Amino acid sequence: MPFISKDWRSPGSLWVRTGSGWQKLSTIRRNLNRHIRRVAGERLSVSRKPDGDTFKWLEASYKDPHKESEEVLKLTQNSRNLKFTERPKRQYLFIPARCPASKQRGKYLTVGEVLCTLDFCTALSDPKRFHYVCKVVELIIDTHFSTLCDSALKYLFCILEEAVNIVESSHLFIHHVLTLVQMTKEAMLSDKRKFFGCQALFHCRIHLLCLWEKRLMDITLVERDEDGKLTLEDLPVECQRFLMQCFVEAADVIHLSQTNTYMYQLGNDPLLWQRLFFYHFTEAQLQAVLRVPLANQDIDWKNMFRKLRKRYELKAEFACTLQKCIRCNCIFWQEGGHPCCDVVGEVTTMDHKLPRTKDLSPKELLAIITNS
């Protein structure tokens, strides 16, 4: 039954003043989404240039319309046979809007939807996105593993399998992926009651994790043969010291210093550990531990780094991250972009200009999923 007067239970609508007058925010977003889909379709049509076989198929379809329906049926059957990780992804995701005047929600954002839509499995093949994806997966396993649905857990195992295959072929980031596999195994064994699926599926996935762990532990690094080319030891001392100062993780410096005696001396350089210390921590954090003026002490920077590492979180930087568009409230990969960034300018206010996008750290991404 319709209400004659204004419904007090309705959350109302948000209105925005534009050049043509006042408009609903939902209408603006709907028009913007329609424009983004149109521009994305034009880009795909330009990027996918048809070859000779495509032109022959088009000519044959005009001559025989029944053949066209048969070809379409074959294409749909082939698309159904695609694997879960081989389905085409759109590489961007819109965050559902939340009305501040009401607790009513139109749509929720889940971890499985984010992993599948943003195509984290394919992103592992890009070296710039590898560390970001691994950090997101690590936080999901650590904090949200018991709340994952079966489809999200399935896609999480696809990501782990792809990471193991990449590490096995490249012999890089072995310890990082091995830690993820072991964390997943411990999380499944520690909380069996909240696991989705039958007991056979549970044992099957535990068996998969054990196989991946064995494959990673069986990887052996082969030393390069003497081919007459330069090695790290042949470089000047200044170049070696500069390369060690480019490391942002203490484990890399320690492992390199364990190779030989000369690298051990370079790895224990106080200046090297001082720069590494102030890269991750601030002077205020150091002062909170010392409680004495900094100028009056001779500090062992390596031991001080170990102490503050237990108390504070290390700084993390990624070559490629997810970004959030301020205008259309969309999450997308930094290098991929989305049509809104090419059309819409900077967001202007009365005093200054605001950036169009915002970088999302792994913790901020999970905070958006949790609060959405």
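What this report covers is the structure whose coordinates are included nearby. (Residues numbered from 1 in each chain as written. Predicted model: local features only at pLDDT ≥ 70, side-chain atom pairs only at ≥ 80, totals over all residues. Heavy atoms only, no water.)

### Overview of the packing of helix α7 (residues 150–170) against helix α9 (residues 199–217)
Remark: α7 packs on α9, axes separated minimally by 10 Å, with the N-to-C direction vectors making an angle of 20 degrees. One element, α7, and the other, α9, form an angle in the roughly parallel class. The element α7 and its partner α9 pack so that their crossing is left-handed. Residues Asp-150, Leu-153, Lys-154, Phe-157, Leu-160, Glu-161, Val-164, Asn-165, Val-167 and Glu-168 of α7 pack against Leu-201, Arg-205, Leu-209, Trp-212, Arg-215 and Leu-216 of α9. Grouping the amino acids of the contact of α7 with α9 by side-chain chemistry returns nine nonpolar, one polar and six charged. (Axes fitted to C-alpha atoms, helices over the stretch in contact; angles between N-to-C directions. Helix = DSSP H or I, 4+ residues; strand = E, 2+ residues; numbered from the N terminus. Parallel < 35°, antiparallel > 145°, perpendicular 65-115°, else oblique. Left-handed = near helix turned anticlockwise from the far one by under 90°. Contact = heavy atoms within 4.5 Å. Nonpolar A, V, L, I, M, F, W, Y, C, P; charged D, E, K, R; others polar.)

### Section: unusual backbone geometry
Phi at Asp-119 is positive, roughly 55 degrees, even though this residue is not glycine. Residue placement: Asp-119 occurs in the loop between α4 (111–117) and α5 (120–123). Judged by its relative accessible area of 6%, Asp-119 is buried. Not every positive phi belongs to a glycine, and His-171 is a case in point at roughly 60 degrees. Within the fold, His-171 resides in the loop between α7 and α8 (174–190). (Buried < 20%, exposed > 50% of the residue type's maximum accessible area, 1.4 Å probe, protein only.)

### Observations concerning the packing of aromatic side chains
Counted according to the given criterion, the structure contains 11 aromatic pairs. Pairing Phe-281 with Phe-305 gives two aromatic rings, centres 5.6 Å apart and planes at 65 degrees, and the pair type is edge-to-face. With a gap of 24 residues between them, Phe-281 in the loop between α13 (270–280) and α14 (283–290) and Phe-305 in helix α15 (residues 301–311) connect regions that are remote in the sequence. Residue classification places Phe-305 among the buried positions, given a relative accessible area of 2%. Three or more aromatic residues joined by ring pairs make a cluster, and in this case those are Trp-273, Phe-277, Phe-278, Phe-281, Trp-301 and Phe-305. The ring of Tyr-279 has Lys-315 lying over it, and the distance from NZ or CZ to the ring centre is 4.8 Å. (Phe/Tyr/Trp six-rings, centres within 6.5 Å; stacked < 30°, edge-to-face > 60°. Lys NZ or Arg CZ within 6 Å of the ring centre and 35° of its normal.)

### Observations regarding a nonpolar patch on the surface
The grouping of Leu-232, Phe-242 and Leu-243 at the surface amounts to a nonpolar patch, some 270 Å² of accessible area in total. Structurally, Phe-242 can be placed in helix α10 (residues 237–245). Phe-242 sits in the exposed class, given a relative accessible area of 52%. (Patch = residues over 30% accessible without salt bridge, like charges linked within 9 Å, V, L, I, M, F, W, Y side chains within 5 Å. Areas by Shrake-Rupley, 256 points an atom, 1.4 Å probe, with all protein chains shown as cover. Salt bridge = Lys/Arg side-chain N within 4 Å of Asp/Glu carboxyl O.)

### Some thoughts on the pattern of salt bridges
Per the stated rule, a full pass over the model turns up eight salt bridges. Note that Arg-215 and Glu-168 form a salt bridge whose closest N and O atoms lie 2.4 Å from each other. Pair noted here: Arg-215 is in helix α9 and Glu-168 is in helix α7, with a separation of 47 residues, a long-range link. Looking at Glu-168, the relative accessible area reads 33%, which means it is partly exposed. A salt bridge links Asp-269 to Arg-241, with the nearest nitrogen and oxygen atoms 3.8 Å apart. Here Arg-241 lies in helix α10 and Asp-269 lies in the loop between α12 (261–267) and α13, a separation of 28 residues in the sequence. Its relative accessible area of 31% is what places Arg-241 among the partly exposed residues.

### As for the state of the cysteines
Applying the stated rule across the entire model yields zero disulfides. Cysteine Cys-158 is unpaired, with the sulfur of Cys-121 as its nearest cysteine sulfur at 5.9 Å. (Disulfide = S-S within 2.5 Å.)

### Considering the nonpolar core
One broad trend across soluble globular proteins is that nonpolar side chains are buried collectively. Counting 57 residues, the largest nonpolar core has Phe-120, Ile-159, Trp-333 and Leu-365 as the members making the most contacts within it. Listing elements by their share of this core, those giving two or more residues are α4, α5, α6 (127–143), α7, α8, α9, β5 (330–333) and α17 (362–371). Ranked by the residues each element gives to this core, the list is headed by α7, at 12 residues. Excluding anything up to four places from it in sequence, Leu-365 contacts Val-114, Phe-120, Tyr-132, Val-136, Leu-322 and Ile-331. In this structure, Met-244, Ala-250, Leu-286 and Phe-305 belong to the second largest nonpolar core, which totals 18 residues. (Core = buried A, V, L, I, M, F, W, Y, C linked by side-chain atoms within 4.5 Å.)

Limitation: the analysis is restricted to geometry and does not speak to function.
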